[in-house]
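Coordinate inspection notes
Spelled out, the chains give:
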Amino acid sequence: MISKEVLPSLEKISPVGHDQGMSVTGSTLEEHEPAPRPEHRTPASEEPSLKHELVREVLVHGPITRGALARRLGLSAASLTRLSKPLLEDGFLIETAEPGAAGVGRPVRPLDVRVDAQWHIGVKLTGQQAFGVATDLRASVLAEDVIDFEGSSLQDVVEAVNELVERLTHGVGAKQPSALGVSVGGQVRGSHMVARAPFLGWRNVDLGGALERELGLPVVVANDVVALTEAEHWFGLGRGLDDFAVITTGAGVGYGLVLRGRQMITADTGLGLGGHFPLDADGPVCIDGHKGCSTAMLSIPSICRLVADGLGRDVSYEDVLALAGAGDPVALAVIRTAGHALGKMIAAVANLTMVTTVILAGEGIGLVSTAQATIEEALRNDRDPEASAVRILVGDSDFGVWARGAAAVAIQTLVGRIS
């Protein structure tokens, strides 16, 4: 049986300043360094891809010393200097002073990105709104805005996004952004084509192409959970971790997985398969007729409907959380049942993928603070007593995390364009 001491409590951690260079063994945190790549000579034909990797490493792990960067990339000091020199001259990379290094031998000058060198916009689309953020190079939010659109045609959405970009550009007070990222709930092909978006009623819509023609900006379109997972991996709670899973709750339930430093993306990504994972044979029925699936147990609409049925009046999700926090028996019962289901889903993800870090994200994770004990108990009951402890990280629950994810994939396009 896993004790409370071995099973870490749920953690509310801000991405900014969080020490990502940690792994969990039982309840002990241990610093770890990834295995360096074998050093090799760098042919000229390989330099563009190595420069991409260099920028990625500094974005994700910086400030980082040249020695550590060379080990991670498997480069000699001379090769690293040759690759980094033009990026330093362009002002994209900068040298920083390591705290405490002054006056002790040769000063250490770690490399970092100049976060204000460029800025990007991320937009999350729902069936009725475009929510946008402007961010710096590490996806820190500089400004945000939201626009409603009445219709769901491609033209309606393009006009809304265009207005949103104009507002955010004015709000930042800078020249046009370097790139635009857009995320949707559904399947995306080739970073432009929305193959399927149920909330918008779309199939095979070239959203990226239409936006590029309208805005004159590089545009990347991504599934919303994929984009959010990338943001957590590069800039958030998963920064520095090679293996973790993400579970999102909100209008639906989503699931992302990172293994060996790369997100797992297949032809079925965007179908929302994690949204119908069975959790309770006696649970409520979702809109697709699945009894006790993750959507029926954990989505905001389902939770609100269950509480409204019990109280005999409509309630918002904020109402549900406030009522549960105040001890209302109906709301508390629904939230605890949802917490039990969430604990079972976390256990299933950890059992099947063998990851030991699970990040909870999305606007529906507010239930965690009320149902923490129930979540931990359900997770413990569905894990082998000798299995490694599962570390659960809880991020922000505001809707802006989705738009920040879209900005993150826009930033990633920058890395691919550096030559």
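Please read these numbers as outputs of a predicted model, since none were measured by experiment.

What follows is about the sheet that holds strand E6 (residues 120-125). The strand order across the open sheet formed by five strands is E8-E7-E6-E9-E13, and the pairing between neighbours is mixed. Edge positions in the sheet fall to strand E8 (141-148) and strand E13 (219-223), since each has one partner strand and no second. Taken over all neighbouring pairs, the strand axes of this sheet differ in orientation by 20 degrees on average, direction set aside. Set on the sheet, helix H4 (residues 154-172) makes contact with E6, strand E7 (129-135), E8 and strand E9 (179-184); between it and E8 the angle comes to about 150 degrees.

Looking now at the nonpolar core. Counting residues in hydrophobic clusters, the biggest one holds 40 residues, and the most contacted among them are Ile247, Leu298, Ile303, Leu342, Ile346, Leu360 and Leu367. Top contributing element to this core by residue count: helix H10 (residues 329-353), with 12 residues. Counting 32 residues, the second largest nonpolar core, distinct from the first, contains Val123, Ile147, Val158 and Val184.

Here the focus is the state of the cysteines. Following the criterion strictly, the structure yields zero disulfides and no others. Take Cys286: it sits in no disulfide, and the sulfur closest to it among the cysteines is that of Cys293, at 3.8 Å. Note on Cys286: relative accessible area 7%, which makes it buried.

The description of two packed helices rests on the angle between their axes and on the distance between the axes. Where helix H8 (residues 300-311) contacts H10, the axes come no closer than 9 Å and their chain directions differ by 150 degrees. Taken together, the axes of H8 and H10 are roughly antiparallel relative to one another. Crossing hand, H8 versus H10: right-handed. Listed contacts from H10 to Ile303, Leu306, Val307, Gly310 and Leu311 of H8 are Val330, Ala331, Val334, Ile335 and Ala338. Its residues placed into classes, the contact of H8 with H10 shows nine nonpolar, one polar and no charged.

Calculation criteria
- Residues numbered from 1 in each chain as written.
- Predicted model: local features only at pLDDT ≥ 70, side-chain atom pairs only at ≥ 80, totals over all residues.
- Heavy atoms only, no water.
- Pairing = 2+ DSSP bridges.
- Helix = DSSP H or I, 4+ residues; strand = E, 2+ residues; numbered from the N terminus.
- Axes fitted to C-alpha atoms, helices over the stretch in contact; angles between N-to-C directions.
- Contact = heavy atoms within 4.5 Å.
- Core = buried A, V, L, I, M, F, W, Y, C linked by side-chain atoms within 4.5 Å.
- Buried < 20%, exposed > 50% of the residue type's maximum accessible area, 1.4 Å probe, protein only.
- Disulfide = S-S within 2.5 Å.
- Parallel < 35°, antiparallel > 145°, perpendicular 65-115°, else oblique.
- Left-handed = near helix turned anticlockwise from the far one by under 90°.
- Nonpolar A, V, L, I, M, F, W, Y, C, P; charged D, E, K, R; others polar.

So far we have only geometry, and geometry alone does not tell us how the molecule works.
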